[in-house]
Each structure stands twice: as structure tokens, then as C-alpha cells.
Amino acid sequence: MLDIKAVRRDPEGVAAALATRGFTFDVAHFKALDARRKQADVDSQNLLAERKSASKQIGQLVNQGVSVDDAKARVHATLESIAAQIDVLTEQARQVQGELQDLLLAVPNLPAPDVPSGAGENENAEVLRWGQPARFDFAVRDHVALGESLGLLDADTGSKIAGSRFTVMYGELARLQRALIQFMLDLHTREHGYREIYVPYIVNRESLRGTGQLPKFEEDLFRLHGEQGYYLIPTAEVPVTNVARERLFEADELGAQGIRYVCHTPCFRSEAGSYGRDTRGMIRQHQFEKVELVQLVRPAQSEAALEQLTGHAEKVLQLLDLPYRKVVLCTGDLGFGARKTYDLEVWLPGQDSYREISSCSSFGDYQARRMQARWRNPDTGKPELLHTLNGSGLAVGRTLVAILENGQRADGTVALPPVLSAYLGGVSTLDG
RNA sequence: GGUGAGGUGGCCGAGUGGUCGAAGGCGCACGCCUGGAAAGUGUGUAUACGGCAACGUAUCGAGGGUUCAAAUCCCUCCCUCACCGCCA
């Protein structure tokens, strides 16, 4: 959520910044609503103040021995006419406040100043390329062909059990997925200073509102039946970031570099609106595994933290020897709550292109304001909003795809990255 | 699922209808004391919104209700703890 004070101060500037990401902010509507809110506040508060002082006087009289009825009579008969008005006006004020709140909850974050402007993904800016895409002297196969011919991947059974966009994996491929998760968790906890955390895979509406999935993106989520308002998590970002919701951290709890959590979870996405996209294979599934990095930091640190966090995700690709490129998203391609985002795109020979495998974003205080995640700044002694960041480190399903396609050999077997050897009991090849 | 006890400020904890945003303590900040520290001691110390300010309003798990007036009484819900039942 944007800071309403900042919006008031410069609504036109906010609108201009939002326009760069393709969001239309109706300044006139905001101003009118805010003016109504203020008037409603003042009106209801005046009446409340009147009632309060009258009640106080009655209390004083009663304490002096005056009977309650006499005290009421003495203070004011008008109290009764006020009562009805108070109900009307406070309800009015509440309603306008709610409207303003709803408006603000639906406004995306402002892009960071250094984010390139652009309309969509075609205008994202490549920052770097790492590694050389291998040249194959045989007909390249995609991960589906490889996995199925090895008897390790089974889309038909997945769709029989659940439906389209579900997959079954067997044997060494299933094990490879487990190994990757283990490898990533170990790397981030041992080398990058993250604390492992285990969280619920089902969350409530408040958590989803905190990180920004609600109210706008309900259709992307799987909702559970029942009155609780439960949803399956679309990413570990939701439960892990919400650890900080409605919390006030002391400076020493944050440590020198803020709080860093690494978390493996399955992720569940409805993929509504992506009909026909990536229907083949494991690129776009309703259920996939991901290792997520989340940081809660002091505002002054968040810019550097995004660079570091992205580097932590890159390290995984480098150790797995997977060629990738790093892209900074332009204003038009930024996610709802993001202020700045790096996408890491891994080379997929089967698609002859780079495909997103990690998205690393900093949110500034946008999520923290929604969540009321704060820390006490020792310099001011006051609670201030934290900054939040997260990134995939990495999306495990897509890592599996990349390993299959980049490691393939002419005979249809797959060479596995040596760093995983210890996690695979010495297995270095997928051969079914 | 049943029964019982609870949910109050950064934390602990008083407060069962009136001048209570809330005693006291801890923590924290600034002073005094000290050669320096500890101990002791004094003062201050919630958040949000509105206002240049004085100040006003709201907030005692959430939502409704009673009342001139609710942290306090009533109803519903959520959560925590204890015991019982069931169970991976």
C-alpha cells in the first residue's frame, strides 16, 4: 500500500509514476474521496467530543451526589438528539474510510527511480549473461521427450489423477527434485546467512492481503471450501513474509543485515488466464516446488539487499552450471507490489530461449505498510516500517527442466551437475 | 469435539460502569550520584487520524448490543492455555 500522506502531497506525481507501469490512478476521484473522508471525520468527531464532555459532566455530578436523572436533565436534553446523529455520522465516516482503504489497496507500488520505463516484457533490460549455451550435434529434445523416454516423467498419469498441468515423476527424477531442494537449502543457510523456516501451506485472507495477492488477484489462487477463507499458498512469500505481520522488531532482533529466511514449499497456482500457454511439460504447473528467499531489512539497506539476494539466487544457477541471463524488469512488467525486480532466465535448449526461473523483488515499505511490519529505529526511538524483499532461489520444477534439457546427451541420457552428487548418492547420470 | 481459564501498552501486570489511554513493574531515553562503572535516584516514554499549534477523536482480541457514559455488562466469532476424548 502506498503512503496516503505521500499521495496527498503529490497526487499528480503519484499518478504519473503509476502511469509508467500502465496503471491509471484517478486523481480527481482520490481527491474527492479524501475530502469527503476528512469532512466525515471532522463531523463525527465533533459530535463525539460533545457527547464525551456531556457524559463527563454527568459523571461528575453523580459523584457529587446528584441523582442520575437530575444530572442528565441538568446537562442537556440535546444529548438524545445527538445520539441519533452520532450513529449516522460515524457510520458515514467509517464507510468513506473503507472506500478510501479499498481504493488504496488496489493501487500498485511505485517503481523505483532506476527502473527502465517500458510497456511490457519486450522492454525489459538485460543486465548480464552467464555461461555458454551448449551446442548439440544431435537433435535437441525437450524435457518432456527426455523424461518420458527415460520413463521418469508422466504427464498422462498426472492429468488422470488430478487434471491438466499436473505431473507425476518417478525414480531418479523424483529424487533429483528432492536433491535440488536439499542443495538449495544448504547453500542458502550455510553460505548466504539465511535461516530455514517451515510454514503453513494454507493461509488466510489477511496474509494474502499483506503481501498483495488480495484483493486484486483472487482468481490466481486456489481457494478452499469452508467458511474460514483459506487459500493454498501461491508462493512461500505469503506465509514467510507474514511472519512479520503486526510485529514490532527491536533493532537487535534484525541483526546487522536484517532477517533472512529460506523456505521450501510447494506452490499452488490456478493459472487462470494462461490457457494454452506452456501447456506442454513442467514449465507451468498448478503445483510446483520452490525454495524461496525472504528478507526483512532496515529501509536504508533494501537497495543493497536486492542486489545481494539476486546474487544468492544466481549462485545456485552458477553452481549447477546452468547458463542464464539477468534481466531488470521495466516499469510495465513489474509485479503489483514490486518496486524493482530482477528476473533470472535460464537457458532452455528445448525451447531455444531463456525462461524465467527466479524473480527477485524489493517492495520497499509497500508490503510492510499493508502488514504493519515495523521496527524501532534507535535513531528516532519510533516504530518505522520495514522493507521487504523476496526471490526464488530457485523454482525447483523449472530447475529440473533446465537440468534435463542442458544435460542431455545423444543417447537420451542426462548428465547431472557434479555439485549434486553428494545429494544423489553418487548418481551422476539419469538413464531411466 | 467437550469442559474450564484467559486475551489490556515494546514486555509483565492491575483495573468489573463515570474525571481511564489506562496503576505498578520491567525495558528504553535523558539527568543526578560516581574517579569510572554497578547499585541507587529523578524525569520522560503507545499508535493512528485531523490540526501551524493548543488540542480533539479513535484504539484494552474482532464484530454487534445495552447505557447519557463501556477495558469493565450482554450476544456472536477468533485465538491462547489446561484437562478429557479422538488421531498422523
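Figured I'd write up the structure that's included with this text. This one's a predicted model, so the numbers in the text were calculated from it and none came from an experiment.

What counts, and at which threshold
- Residues numbered from 1 in each chain as written.
- Chains lettered and ligands numbered in written order.
- Predicted model: local features only at pLDDT ≥ 70, side-chain atom pairs only at ≥ 80, totals over all residues.
- Heavy atoms only, no water.
- Helix = DSSP H or I, 4+ residues; strand = E, 2+ residues; numbered from the N terminus.
- Buried < 20%, exposed > 50% of the residue type's maximum accessible area, 1.4 Å probe, protein only.
- Areas by Shrake-Rupley, 256 points an atom, 1.4 Å probe, with all protein chains shown as cover.
- Lys, Arg positive; Asp, Glu negative; His and termini not counted.
- Charge placed at Lys NZ, Arg CZ, Asp CG, Glu CD.
- Pairing = 2+ DSSP bridges.
- Axes fitted to C-alpha atoms, helices over the stretch in contact; angles between N-to-C directions.
- 1 Å grid on protein atoms, 1.4 Å probe; cavity = no way out; pocket = protein on both sides within 12 Å on 5 of 7 lines; lining within 4 Å.
- Points joined across faces, edges and corners; volume = space filled by probe spheres on them.
- Nonpolar A, V, L, I, M, F, W, Y, C, P; charged D, E, K, R; others polar.
- Expected span 1.5 Å × (residues − 1).
- Salt bridge = Lys/Arg side-chain N within 4 Å of Asp/Glu carboxyl O.
- Contact = heavy atoms within 4.5 Å.
- Parallel < 35°, antiparallel > 145°, perpendicular 65-115°, else oblique.
- Left-handed = near helix turned anticlockwise from the far one by under 90°.

1. Thoughts on the overall build of chain A
Link 1 in the chain: Scanning chain A from terminus to terminus reveals 14 helices and 17 strands.
Link 2 in the chain: Here chain A holds 432 residues, and the buried ones make up 50% of them.
Link 3 in the chain: Entry remark: accessible area of chain A is about 20,700 Å², with carbon and sulfur atoms responsible for 48%.
Link 4 in the chain: Of the charged side chains in chain A, 49 are positive and 57 negative; the average position of the first set lies 3 Å away from that of the second.

2. A look at the sheet that holds strand β13 (residues 373-376)
Link 1 in the chain: Strand order in the open sheet formed by three strands is β7-β13-β14, and the pairing between neighbours is mixed. Every interior strand has two partners, whereas the edge strands, β7 (247-249) and β14 (383-385), have only one. Neighbour-to-neighbour, the strand axes of the sheet open up by a mean angle of 35 degrees, direction not taken into account.
Link 2 in the chain: In this structure, β13 lies alongside β14, joined through three bridges in antiparallel fashion. From the neighbouring strand, Arg 376 faces β14, where its bridge partner is Pro 383.

3. Quick notes on the layout of surface pockets
Link 1 in the chain: Considering only enclosed or pocket space, the second largest pocket measures out at about 390 Å³ in volume.
Link 2 in the chain: Leu 110, Ala 112, Arg 339, Gly 364 and His 387 are the residues nearest the centre of the second largest pocket, which is lined by 27 residues in total.
Link 3 in the chain: At the level of secondary structure, the elements contributing two or more residues to the lining of the second largest pocket comprise α1 (4-9), α12 (302-319) and α13 (366-371).
Link 4 in the chain: Top contributing element to the lining of the second largest pocket by residue count: α12, with four residues.
Link 5 in the chain: Per-class residue counts for the lining of the second largest pocket are 13 nonpolar, five polar and nine charged.

4. A closer look at helix α8 (residues 171-190)
Link 1 in the chain: Compared with an ideal rise of 1.5 Å per residue, which puts 20 residues at 28 Å, α8 spans 28 Å between its outermost C-alpha atoms and is within 8% of the ideal.
Link 2 in the chain: For α8, the set of buried residues is Leu 173, Leu 176, Gln 177, Ala 179, Leu 180, Ile 181, Phe 183, Met 184, Leu 185, Asp 186, Leu 187 and His 188.

5. Points about the pattern of salt bridges
Link 1 in the chain: Within this structure, the stated rule accounts for 25 salt bridges.
Link 2 in the chain: When the shortest N-O distance is used, the salt bridge between Arg 223 and Glu 218 registers 3.9 Å.
Link 3 in the chain: The partly exposed category is assigned to Arg 223, whose relative accessible area is 45%.
Link 4 in the chain: Residue class for Glu 218 comes out partly exposed when judged on its relative accessible area of 29%.
Link 5 in the chain: Here Arg 247 ties to Glu 253 by a salt bridge, and the two come within 3.3 Å at their closest N and O atoms.
Link 6 in the chain: Under the relative-accessibility criterion, Glu 253 is labelled partly exposed at 39%.
Link 7 in the chain: Three or more residues joined by partner-sharing salt bridges are found here, namely Arg 8, Asp 34, Arg 37 and Asp 41.

6. Let's talk about the side chain of Gln 177
Link 1 in the chain: Within the secondary structure layout, Gln 177 lies in helix α8.
Link 2 in the chain: By relative accessible area, Gln 177 is classed as buried at 15%.
Link 3 in the chain: Beyond its immediate stretch of four places on either side in the chain, Gln 177 contacts Met 169, Glu 289, Val 396 and Leu 400.

7. Structural notes on the sheet that holds strand β11 (residues 340-348)
Link 1 in the chain: As summarised here, the arrangement of the eight strands in space is β1-β10-β11-β12-β15-β9-β8-β4, forming an open sheet in which the pairing is mixed. One side of each edge strand has no neighbouring strand; the edge strands of this open sheet are β1 (125-130) and β4 (195-196).
Link 2 in the chain: Pairing between β1 and strand β10 (residues 324-328): five bridges, direction antiparallel. Considered in β10, the bridge of Ala 125 is made with Val 328.
Link 3 in the chain: Contacting β4, β8 (259-268), β9 (287-297) and β15 (387-395), α8 runs over the sheet at an angle of about 5 degrees to β9.
Link 4 in the chain: Along the sheet face, helix α14 (residues 396-407) touches β9, β11, β12 (353-362) and β15 and points at about 35 degrees away from the line of β15.

8. Some words on the packing of α8 against α12
Link 1 in the chain: It is the contact of α8 with α12, at a shortest axis distance of 11 Å, that shows an interaxial angle of 130 degrees. As summarised for this structure, α8 and α12 are arranged oblique, according to the angle between their axes. Of the two elements, α8 crosses α12, and the hand of that crossing is right-handed. Residues Phe 183, Met 184, Leu 187 and His 188 of α8 form the contact with α12, whose own contacting residues are His 312, Lys 315, Val 316 and Leu 319.
Link 2 in the chain: When its residues are assigned to classes, the contact of α8 with α12 shows five nonpolar, two polar and one charged.

Read these as geometric descriptors, not functional statements.
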